[in-house]
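Descriptive structure summary
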Amino acid sequence: MNPQPLITTTEAVDKAFYVIFGISGVSLLGITVAMIYIIWRYNRKRQPQPVSQKDHNIWLETTWIIIPTILVGIMFWYGWEGYLSLRRIPDNAIPIQGSSRMWSWLFTYENGKTSDKLYVPVGQPVNIRLSSEDVLHSFYVPAFRVKRDCVPGMETYAWFVAEEPGSYDLFCAEYCGVAHSSMITTVEAISPAEFAGWLAEKPAVVDAGQELLQKHGCLGCHSLDGSAMVGPSFQGISGRQVSVVSNGRTVALTTDRTYLEKAILEPDDEIVEGYPPAMPPYAGRIPDEDLSGILDYLMGLKK
Ligand code: CUA
């Protein structure tokens with residue numbers, strides 16, 4: 001096979017889009033003009049009697065079969081070419097794992113570094129290997145014209161290359177539950193030098209606890225600064241007076257380690273009043289040491 005020059009996903013999709021849009025636009029214009037002309041020309045007042053009794057014309061019929069067939073063939077060709085470009089990963093693409101779960105993204109780079117925003121070097125293709133920990137999600141970056149489902153139990157992929165530095169929206173495009181609409185992050189395209197630097201830099205050990213919260217996707221729904229998201233904020237969560245709904249009854253309690261542990265493992269048993277029963281149970285999904293690390297961290301959080 002010949003070496004393929006790199007066609008970006010944006011170029012591949014846009015070419016197909018403009019070809020189809022152009023053919024549709026010309027057809028719309030042509031058909032509308034012909035229709036208006038015929039309405040005018042063969043109006044009953046202007047043309048009281050039919051001038052012809054012909055009921056078919058072989059050449060006309062052949063023409064209107066052949067021309068649309070060619071047009072549809074052209075649209076198919078560009079669509080197919082574009083699709084192949086999206087599916088053909090360039091050899092030098094950097095692999096990055098993209099994990100999705102209700103309701104956040106986690107990206108893991110070759111050296112094991114993780115982030116919730118997707119960092120990519122400008123001008124270098126990246127191949128995002130997509131997986132889901134729970135339900136269907138969809139990796140969608142409009143700026144690069146890529147959208148691919150994340151399917152539990154299998155790996156899918158999407159590749160793209162960012163040609164300009166910048167911050168680009170990254171959405172979940174498959175309805176995945178209560179906080180689907182907040183499953184948003186960004187693609188941060190930075191220069192290759194900055195990217196290498198960022199990759200090498202040790203995650204400024206903000207806090208081991210915070211890192212665990214990020215790893216398990218907690219921060220997609222719980223803030224650290226007191227703002228309400230899908231779930232209650234973690235700020236000052238220990239020793240907080242709350243009303244919880246348990247078996248249809250409202251019970252007042254003070255949050256302690258036991259309650260928080262239960263709230264992580266079997267959240268539906270005692271949902272804080274005013275919040276949807278949206279959290280997936282973590283029983284069997286979180287290693288014991290991570291659980292106790294998170295509990296240590298939450299218990300120490302001040303107001
Ligand atoms: Cu994940 Cu919608």
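Here the structure is a predicted model, which means the values were calculated and not measured.

A few words on the nonpolar core. Formed by 37 residues in total, the largest nonpolar core has its most connected members in Leu118, Phe139 and Phe160. Residues from two domains meet in this core; each of domain 2 (94–200) and domain 3 (205–299) gives at least three. The contacts of Leu118, once residues within four sequence positions are left out, are Ile96, Phe107, Tyr109, Ile128, Phe139, Phe160, Leu170, Thr186, Val187 and Glu188. Formed by 21 residues, the second largest nonpolar core is a distinct cluster that contains Leu212, Ile264, Tyr297 and Leu301.

With 96% of its residues at a pLDDT of 70 or more, the protein chain has an overall mean of 88. For the protein chain, helix α4 (residues 208–215) is the element with the lowest average pLDDT, namely 82, and strand β6 (residues 137–141) is the one with the highest, namely 97.

Its 33 residues place the ends of helix α1 (residues 9–41) 48 Å apart at the C-alpha level, agreeing with the 48 Å of an ideal helix rising 1.5 Å per residue. Among the residues of α1, Thr9, Thr10, Ala12, Asp14, Ala16, Val19 and Ile23 are the ones counted as buried. At its buried positions, α1 is contacted by α2 (58–87), β7 (146–150) and β8 (156–160).

Attention shifts here to the environment of Glu201. Locating Glu201 in the fold gives a position in the loop between α3 (192–200) and α4. For Glu201, a relative accessible area of 46% puts it in the partly exposed group.

Bringing the sheet that holds strand β11 (residues 241–246) into the picture now. Within the open sheet, the 3 strands sit side by side as β12-β11-β13. Their pairing is antiparallel. Each having just a single partner strand, β12 (249–254) and β13 (271–272) make up the two edges of the open sheet. Here β11 pairs with β13 via 2 bridges, running antiparallel. Looking at the pairing, Val244 lines up with Val272 of β13.

Looking now at helix α6 (residues 288–300). Taking 1.5 Å as the rise per residue, α6 with 13 residues should run 18 Å; its terminal C-alpha atoms sit 18 Å apart, in good agreement. Every buried residue of α6 is accounted for by Asp290, Leu291, Gly293, Ile294, Leu295, Tyr297 and Leu298. Buried residues along α6 sit in contact with α4 and α5 (257–265).

Per the domain assignment, the segments making up the protein chain are domain 1 (9–87), domain 2 (94–200) and domain 3 (205–299). Taken over C-alpha atoms, the centre of domain 2 sits 26 Å from the centre of domain 3. Residue-level contacts link 13 residues of domain 2 with 11 residues of domain 3. Around 910 Å² of area is buried between domain 2 and domain 3 when both sides are counted, 56% of it from carbon and sulfur atoms. Applying the counting rule to domain 2 against domain 3 returns 0 salt bridges. Counting across the domain 2 and domain 3 interface gives 3 residue pairs in polar contact (both at pLDDT 80 or more). Elements supplying a minimum of two residues to the side of domain 2 that touches domain 3: β2 (104–108) and β3 (114–115). Residues of the side of domain 2 that touches domain 3, tallied by class, amount to 5 nonpolar, 4 polar and 4 charged.

Conventions used here
- Residues numbered from 1 in each chain as written.
- Predicted model: local features only at pLDDT ≥ 70, side-chain atom pairs only at ≥ 80, totals over all residues.
- Heavy atoms only, no water.
- Core = buried A, V, L, I, M, F, W, Y, C linked by side-chain atoms within 4.5 Å.
- Buried < 20%, exposed > 50% of the residue type's maximum accessible area, 1.4 Å probe, protein only.
- Domains from an automatic or database assignment.
- Contact = heavy atoms within 4.5 Å.
- pLDDT = per-residue confidence, 0-100.
- Helix = DSSP H or I, 4+ residues; strand = E, 2+ residues; numbered from the N terminus.
- Expected span 1.5 Å × (residues − 1).
- Pairing = 2+ DSSP bridges.
- Buried area = accessible area lost by both parts, 1.4 Å probe.
- Salt bridge = Lys/Arg side-chain N within 4 Å of Asp/Glu carboxyl O.
- Polar contact = N/O pair within 3.5 Å; in protein donor to acceptor, adjacent residues only side chain to side chain.
- Nonpolar A, V, L, I, M, F, W, Y, C, P; charged D, E, K, R; others polar.

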